[in-house]
Amino acid sequence: MLKCDMVTRMCAKYFAVHPDMNLFQSVTSALDNTLASDPTAVIFGEDVAFGGVFRCTVGLRDKYGKDRVFNTPLCEQGIVGFGIGAAVAGATAIAEIQFADYIYPAFDQIVNEAAKYRYRSGNLFDCGNLTIRAPWGCVGHGSLYHSQSPEAFFAHCPGIKVVIPRGPVQCKGLLLSCIADQNPCIFFEPKILYRAAVEQVPTEAYTIPLSQAEVIQEGSDVTLVAWGTQIHVLREVANMAQEKLGVSCELIDLQTILPWDTETVCKSVAKTGRLLISHEAPITGGFAAEISSTVQEQCFLNLEAPIARVCGYDTPFPHIFEPFYIPDKWKCFDAIKKLISY
Amino acid sequence: HTFDFQSDGNILDMSFSANEGASLVVASRSYADFTPEATFDIKKVDLHRLEEGPPLTSTLTREEGLKYYRTMQTIRRMELKADQLYKQKIIRGFCHLYDGQEACAVGIEGGITLSDHLITAYRAHGYTLTRGGTVREIMAELTGRRGGIAKGKGGSMHMYTKNFYGGNGIVGAQVPLGAGVALACKYLGNDQLCVSLYGDGAANQGQIFETYNMSSLWKLPIIFICENNQYAMGTSVERSAASTEYYKRGDYIPGIRVDGMDVLCVREATKFAAAHCRSGKGPILMELQTYRYHGHSMSDPGVSYRTREEIQEVRSKSDPISMLKDRMLSNNMASIEELKEIDIAVRKEIEDAAQFATTDPEPPLDDLCSHIFANDQPFEVRGATPWTKLTSTS
């Protein structure tokens, strides 16, 4: 009998439920796990009650009640300020900003209040229970105010963590890590992947460590670094480089922007000698600049070619010109060719 | 007396030619049968911190009536055409339609002049037209072509014209800007004012209250207008506002609440508000109770948070264009055929504009980098990689 039980349990563990989930469903799953296990967890933001404009919170209000999943009026500064207060008082506060483009009224609250709370109170108070989620990045038709990638603004702020997943499995794990993390976290979700990315995601809770970059594909000639949607672009570019140029690329997903995993990236560049970093945000002052600067400090003598950055133009995110603006696979491929032939 | 008509059929420009003789008569019909003007009772407005409000009657002349009718009909048809083009994927991106709210834009313009200033949020196509834009430029901007009013670079939410500061995407951010414009008017002493519009959702943004304070303190000539169409995207006013009396939210600022579906109500209220500002008394707040037939944007069907019956009821009982039409017809201010002719002319104008908007070429690639900064010399803009550069011209 005992043996049967053991076998059953082993089977159950191996055949645990891992249904297909897209990115917004993986967010819902993470939030569901959180509300179930943490009685102090609350979710709030614009339109979250009916399920959210991207359906990330569908069903949660019915399941957990209207005092745990509720709408706020249209006031980003108020939402984040309120979230900080709730977090300081002990609630696990999960605030949603409807689009990352709208986060700027809350910039003061994030940078001046949330990030510095622990520091200025000498560890007496903190708002580590706060997590802010926002849809991020280009979507094909978003234009100036529904396409922005503001991670660089927040990377410049000690005291908060900034995290960006590349797919449903990472999304759930990283979001649960952010919620558990004892520091205020900003979690940007690539909106173009909400429906487009589908993976088998465990229904039970799990975490993926923060500040750890992931080497998705090993290679020996060029290191490629990106985060979010751009990982999928670079994956294709790596295949193109292998087929057409015989170049072996090592692809790294940074995952956490702040504090970022310098060790993994530098170790890779020490091996390959060449680095390409790519992001949608404008090139000047974008996060690639920080990575580039650190890597040249640490790996100067390993470098075979100048570090390449393939990013968005130094313009506002355009309306009709989007296909020309984004750092697509051809621009990245071209950059690899230049790296190799330097 | 005889009336001249310009040969392009524009009946809005009529000059009285009593002294010029019969040789100038080109009309084949005499319009002397129609009532030249009539006075209508309009709804009383609700007042906040005001002893008196706008008058309870409004006098409408035939010309004004035909002008308002044509403009409202143009806005209505233009928005419906935009709906059609969006569904055909010729217009992409975000598109927030104004049909149902025409009386607001037209009534406001009837109470101010083109030398006054106006700023609003993203539901801006109607205002772009009343402020002097053409249907062609508006539709070409929606389709992102070089003939668009913002050269194709802005799209639906970013349309501008003289003394019209947009067209703004970030909710509530346009209101402090309006106060700045009003300050400039006061500073320059030009007797102009600024109309600063926002919606019922935006009414909860902090910067609006900051603006109330600054404009009251400095007695700026600003008319705050809250276009309350009952829903902030999908959230009804009861669910998002502790106080739905938006005209009182300015607290120390006097306020009036107006029927926004009646173009005459809106016009009289705007005239009253403009007089208040121009007399140096400082800001005033108007709440226009109105309704949009479409959803928040083209991605919102508009029926998940309100019933079709509700929309239908507003359409049948309070439609602004029908209301004006009924008034004019029942007072013999125009004939049904005349209004039909206007409808046909409007339809043609929209068709021509849509044709232009679908065939005009897109802006050249150089425009991607133009007008980032003001510059005398063209300068280089970093492209996707540090070594690819585009040139920015201004």
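All figures in this text were calculated on a predicted structure; none of them were measured in a lab.

### Re the UniProt feature "domain: Transketolase-like pyrimidine-binding" (unreviewed entry) in chain A
Right, on to step 1. Under the UniProt annotation, "domain: Transketolase-like pyrimidine-binding" (unreviewed entry) lies at residues 21-196 of chain A.
Right, on to step 2. Taken end to end, residues 21-196 of chain A has its terminal C-alpha atoms 10 Å apart, with 38% of it in helix and 18% in strand.

### Looking at unusual backbone geometry
Leaving glycine out, the prevailing phi sign among residues is negative, and the prevailing peptide bond configuration is trans.
Right, on to step 1. Cis geometry is adopted by the peptide bond preceding proline 259 of chain A, which originates at leucine 258 of chain A and carries an omega value of -10°.
Right, on to step 2. Position of proline 259 of chain A among the secondary structure elements: in the loop between strand 12 (256-258) and helix 11 (262-272).
Right, on to step 3. In the Ramachandran plot, methionine 233 of chain B falls in the positive-phi region, its phi being about 55° despite a non-glycine side chain.
Right, on to step 4. On the secondary structure map, methionine 233 of chain B appears in the loop between strand 7 (231-232) and strand 8 (235-236).
Right, on to step 5. Relative accessible area serves as the criterion here: at 23%, methionine 233 of chain B is assigned to the partly exposed category.
Right, on to step 6. With a phi angle near 55°, aspartate 251 of chain B is a residue other than glycine that sits in the positive phi range.
Right, on to step 7. As for its placement among the helices and strands, aspartate 251 of chain B is situated in the loop between helix 7 (237-240) and strand 9 (255-259).
Right, on to step 8. Assessed through its relative accessible area of 43%, aspartate 251 of chain B is described here as partly exposed.

### Digging into the environment of alanine 93 of chain A
Residues and elements named next belong to chain A.
Right, on to step 1. Note on placement: alanine 93 falls in strand 4 (residues 92-96).
Right, on to step 2. The class of alanine 93 is buried, set by a relative accessible area of 0%.
Right, on to step 3. Placed 13 residues apart in sequence, alanine 93 and valine 80 show a C-alpha to C-alpha distance of 9.6 Å.
Right, on to step 4. Among all residues touching alanine 93, those that are not within four sequence positions of it are Val42, Phe44, Gly83, Ala86, Ala87, Asn129, Leu130 and Thr131.

### So, the pattern of salt bridges
Right, on to step 1. Using the criterion set out here, one finds 28 salt bridges over all chains in the structure.
Right, on to step 2. A salt bridge links aspartate 181 of chain A to lysine 161 of chain A, with the shortest nitrogen-to-oxygen separation between them at 3.0 Å. Remark: lysine 161 of chain A occurs in strand 6 (residues 161-163) and aspartate 181 of chain A occurs in the loop between helix 8 (168-180) and strand 7 (185-190); sequence separation between them is 20 residues. Taken as a pair, aspartate 181 of chain A and lysine 161 of chain A share a single burial class, namely buried.
Right, on to step 3. As a salt-bridge pair, glutamate 109 of chain B and arginine 131 of chain B come within 3.0 Å of each other at their nearest N and O atoms. Highlighted residues: glutamate 109 of chain B in helix 2 (residues 102-111) and arginine 131 of chain B in the loop between helix 3 (125-130) and helix 4 (135-142), separated in sequence by 22 residues.
Right, on to step 4. A relative accessible area of 14% places glutamate 109 of chain B in the buried class.

### Looking at the interface of chain B and chain A
Right, on to step 1. Between chain B and chain A, the contact holds 39 residues from the first and 34 residues from the second.
Right, on to step 2. Taken over both partners, the interface formed by chain B and chain A buries close to 3000 Å², and the fraction arising from carbon and sulfur atoms is 68%.
Right, on to step 3. On the chain B side of the contact with chain A, Leu368, Arg382 and Ala384 of chain B bury the most area, a combined 21% of that side's loss.
Right, on to step 4. Where chain B packs against chain A, one counts zero salt bridges.
Right, on to step 5. Counting across the chain B and chain A interface gives three residue pairs in polar contact (both at pLDDT 80 or more).
Right, on to step 6. For the side of chain B that touches chain A, the elements supplying multiple residues, two or more each, are helix 7 and strand 11 (379-382) of chain B.

### Comments concerning empty space enclosed by the protein
Right, on to step 1. Enumeration according to the criterion identifies four cavities of 30 Å³ or more in this entry.
Right, on to step 2. Each pocket or cavity is described by its volume, and for the largest cavity that value is around 60 Å³.
Right, on to step 3. Ser143 and His319 of chain A together with Arg92, Gly93, Phe94, Gly154, Gly155, Ser156, Met157 and His158 of chain B together form the lining of the largest cavity.

### As for the packing of aromatic side chains
Right, on to step 1. In total, this model carries 20 aromatic pairs over all chains according to the counting rule given.
Right, on to step 2. Taking the centre distance of 5.6 Å and the plane angle of 15° together, the rings of phenylalanine 44 of chain A and phenylalanine 70 of chain A count as stacked. Here phenylalanine 44 of chain A is found in strand 2 (residues 41-45), whereas its partner phenylalanine 70 of chain A is found in strand 3 (residues 69-71), with 26 residues between them in sequence.
Right, on to step 3. Phenylalanine 44 of chain A sits in the buried class, given a relative accessible area of 0%.
Right, on to step 4. Pairwise contacts between aromatic rings join Tyr104, Phe107, Phe153, Phe154 and Phe188 of chain A into one cluster.
Right, on to step 5. When the ring centre of tyrosine 117 of chain A is taken as reference, the NZ or CZ atom of arginine 120 of chain A above it lies at 4.5 Å.
Right, on to step 6. Directly above the ring of phenylalanine 356 of chain B sits arginine 136 of chain B, whose terminal nitrogen or CZ lies 4.0 Å from the centroid.

### Quick notes on the sheet that holds strand 13 (residues 275-282) of chain A
Residue and element names in this part refer to chain A.
Right, on to step 1. Taken in spatial order, the five strands make up an open sheet running 9-11-10-13-14, and their pairing is mixed. The open sheet terminates on both sides in strands that have one partner only, identified here as strand 9 (214-217) and strand 14 (308-312). Neighbour-to-neighbour, the strand axes of this sheet turn through a mean angle of 25°, independent of strand direction.
Right, on to step 2. Where strand 13 meets strand 14, five bridges bridge the pair, whose relative direction is parallel. Along strand 14, the bridge assignment pairs serine 278 with valine 310.
Right, on to step 3. Relative to strand 11 (residues 249-253), helix 10 (residues 230-245) is tilted by about 175°, and along the sheet it contacts strand 9, strand 10 (222-226), strand 11 and strand 13.
Right, on to step 4. Together, strand 10, strand 13 and strand 14 form the strand contacts of helix 12 (residues 287-298), whose direction differs from that of strand 13 by roughly 155°.

### Here we look at the nonpolar core
Right, on to step 1. With 70 residues, the main nonpolar core has Ile108, Tyr127, Met139, Val195 and Ile223 of chain B as its most contacted residues.
Right, on to step 2. Beyond its immediate sequence surroundings of up to four residues, valine 195 of chain B is in contact with Ile108, Ile112, His117, Leu118, Ile119, Ile223 and Ile225 of chain B.
Right, on to step 3. Ala87, Ile186, Leu254 and Ala288 of chain A belong to the second largest nonpolar core, which has 54 residues in total.

### Topic: the sheet that holds strand 10 (residues 284-289) of chain B
Residue and element names in this part refer to chain B.
Right, on to step 1. A sheet is described by the order of its strands in space; here six strands give the open sequence 2-9-10-6-5-4, paired in mixed fashion. The open sheet has two edge strands with one neighbour each: strand 2 (46-48) and strand 4 (117-119). Each strand of the sheet is rotated relative to its neighbour by a mean of 20°, with strand direction disregarded.
Right, on to step 2. In this structure, strand 9 lies alongside strand 10, joined through five bridges in parallel fashion. The partner of aspartate 259 across the bridge, within strand 10, is glutamine 289.

### Comments concerning the pairing of strand 10 of chain B
All names here are of chain B.
Right, on to step 1. In terms of burial, strand 10 is largely enclosed, as five of its six residues are buried.
Right, on to step 2. Bridge analysis of strand 6 (residues 222-228) against strand 10 gives six bridges, and the strand direction is parallel. Its bridge partner being in strand 10, glutamate 227 is matched across the sheet by leucine 288.
Right, on to step 3. With respect to chirality, the unit in which strand 9 leads through helix 8 (residues 263-278) into the neighbouring parallel strand 10 is right-handed.

Reading the values: rules and limits
Residues numbered from 1 in each chain as written. Chains lettered and ligands numbered in written order. Predicted model: local features only at pLDDT ≥ 70, side-chain atom pairs only at ≥ 80, totals over all residues. Heavy atoms only, no water. UniProt positions renumbered as here; feature names shortened; annotations may be inferred. Helix = DSSP H or I, 4+ residues; strand = E, 2+ residues; numbered from the N terminus. Buried < 20%, exposed > 50% of the residue type's maximum accessible area, 1.4 Å probe, protein only. Contact = heavy atoms within 4.5 Å. Salt bridge = Lys/Arg side-chain N within 4 Å of Asp/Glu carboxyl O. Buried area = accessible area lost by both parts, 1.4 Å probe. Polar contact = N/O pair within 3.5 Å; in protein donor to acceptor, adjacent residues only side chain to side chain. 1 Å grid on protein atoms, 1.4 Å probe; cavity = no way out; pocket = protein on both sides within 12 Å on 5 of 7 lines; lining within 4 Å. Points joined across faces, edges and corners; volume = space filled by probe spheres on them. Phe/Tyr/Trp six-rings, centres within 6.5 Å; stacked < 30°, edge-to-face > 60°. Lys NZ or Arg CZ within 6 Å of the ring centre and 35° of its normal. Pairing = 2+ DSSP bridges. Axes fitted to C-alpha atoms, helices over the stretch in contact; angles between N-to-C directions. Core = buried A, V, L, I, M, F, W, Y, C linked by side-chain atoms within 4.5 Å. Right-handed = clockwise from strand over helix to strand, strands pointing away.

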